[in-house]
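Below are the chains, spelled out letter by letter.
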Amino acid sequence: DVIAMVRWAWHRDDRRWLIWGGLAAMAYTYGFRVPSELLSQWGAPGGAAFRMSSETDGNICVSYGPYRRKGKLHAGRSTSGCLCNAEPLICPHLWCEAFAEMKINSAEGMGPTEFASKLQQSASAVLTASKLGQATEWTSHCFRRGSAVDILQAQGVTAMMRHGEWAAEGSAHAYASLDE
């Protein structure tokens with residue numbers, strides 16, 4: 001459970017865990033690939049940044065960009081509205097505020113190995129307590145896939161494809177299976 005893992009990281013009194021929790025929440029919310037779209041691009045010179053703004057209706061939104069997806073520059077910024085009413089721990093604006101307060105504007109050198117290690121530690125703690133599965137079954141790609149499956153269940157294939165930015169339904173079939 002992504003929210004339980006992010007909650008577990010949030011309660012660690014450690015800057016690296018806070019960064020990990022924020023990256024996990026953002027990866028899930030936006031459907032990002034962790035190593036290529038967050039770890040290597042967030043805060044890199046000329047790279048991507050999170051930006052909080054207010055929409056014309058007064059709602060808070062957070063955008064991320066510019067970034068490269070599969071080696072190609074993403075046209076525009078990915079944007080998410082405030083999720084505080086639905087689930088505060090994965091709300092992008094909560095994480096933007098936490099990062100700003102702690103003066104965090106990059107992954108601070110956290111690479112795929114450290115991210116994966118923290119994922120295994122948090123998954124192990126959460127899954128052991130809840131008896132939901134094995135921590136070794138979790139990878140950084142689970143955030144993208146979990147996000148896609150949740151969108152699929154709630155809104156259907158078209159919304160899932162838009163969320164994950166898949167151009168064709170065939171590209172999304174691996175994510176569309178609810179039984180894996």
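Scroll up a little and you will see the structure.
Rules and cut-offs
Counting from 1, residues in each chain are numbered in the order their sequence is written. Per-residue local features of the predicted model are confined to residues with pLDDT of at least 70, and side-chain atom pairs are confined, for both listing and counting, to 80 or more; whole-chain, interface and lining totals are unaffected and use all residues. Hydrogen atoms and water are omitted, and side-chain values are computed over all heavy atoms in the structure. Two rings from Phe, Tyr or Trp (for Trp, the six-membered ring) form a pair when their centres sit within 6.5 Å of each other. Planes less than 30 degrees apart are called stacked, planes more than 60 degrees apart edge-to-face, and all others tilted. Think of it this way: any DSSP run of H or I at least four residues long counts as a helix, any run of E at least two long counts as a strand, and we number them from the N terminus. Three labels apply to residues, based on accessible area from a 1.4 Å probe with only protein chains included: buried if under 20% of the type maximum, exposed if over 50%, partly exposed otherwise in between. Look at NZ for Lys and CZ for Arg. If either is within 6 Å of the ring centre and within 35 degrees of the ring normal, a charge sits over the ring. The working definition used for a salt bridge is a side-chain nitrogen of Lys or Arg within 4 Å of a carboxyl oxygen of Asp or Glu. Pairing between two strands is assigned when DSSP locates at least 2 bridges connecting them. Lines fitted to C-alpha atoms define the axes here, with helix axes fitted over just the stretch in contact, and angles between the N-to-C directions of these axes take values from 0 to 180 degrees.

**Notes on the packing of aromatic side chains**
- Taken as a whole and judged by the stated rule, the model has 15 aromatic pairs.
- With a centroid separation of 5.1 Å and an interplanar angle of 70°, the aromatic rings of Phe32 and Tyr67 are classed as edge-to-face. Pair noted here: Phe32 is in the loop between α2 (15-30) and α3 (34-39) and Tyr67 is in the loop between β2 (60-65) and β3 (68-69), with a separation of 35 residues, a long-range link. Taken as a pair, Phe32 and Tyr67 share a single burial class, namely buried.
- Centre to centre, the rings of Phe50 and Tyr64 are 4.5 Å apart; their planes meet at 40°, and the pair counts as tilted. Of this pair, Phe50 sits in strand β1 (residues 49-54) while Tyr64 sits in strand β2; the two residues are 14 residues apart in sequence, bridging distant segments of the chain. Here Phe50 and Tyr64 have matching classes, each one buried.
- An aromatic cluster of three or more residues is present, and its members are Trp10, Tyr30, Phe32, Trp42, Phe50, Tyr64, Tyr67, Trp95 and Phe99.
- In this arrangement the basic side chain of Arg12 is found over the ring face of Trp8, its NZ or CZ atom lying 4.1 Å from the centre.

**Looking at the pattern of salt bridges**
- Across all of its chains, the model carries five salt bridges by this definition.
- Note that Arg16 and Glu114 form a salt bridge whose closest N and O atoms lie 2.4 Å from each other. One end of the pair, Arg16, is in helix α2; the other, Glu114, is in helix α5 (residues 112-130), and 98 residues separate them in sequence.
- Under the relative-accessibility criterion, Arg16 is labelled partly exposed at 21%.
- The closest approach of N and O atoms between Glu37 and Arg33, which form a salt bridge, is 2.8 Å.

**Side note on the sheet that holds β1**
- Spatial ordering of the open sheet is given by β1-β2-β5, a layout of three strands whose pairing is antiparallel. Both edges of this open sheet fall to β1 and β5 (78-81), since each of them pairs with a single strand only. Strand-to-strand twist in this sheet, taken as the mean axis angle between neighbours without regard to direction, amounts to 25°.
- Of the pairings in the sheet, the one linking β1 to β2 comprises six bridges and is antiparallel in character. Looking at β2, one finds that Arg51 is bridged to Ser63.

Any link to function would need more than the numbers given here.
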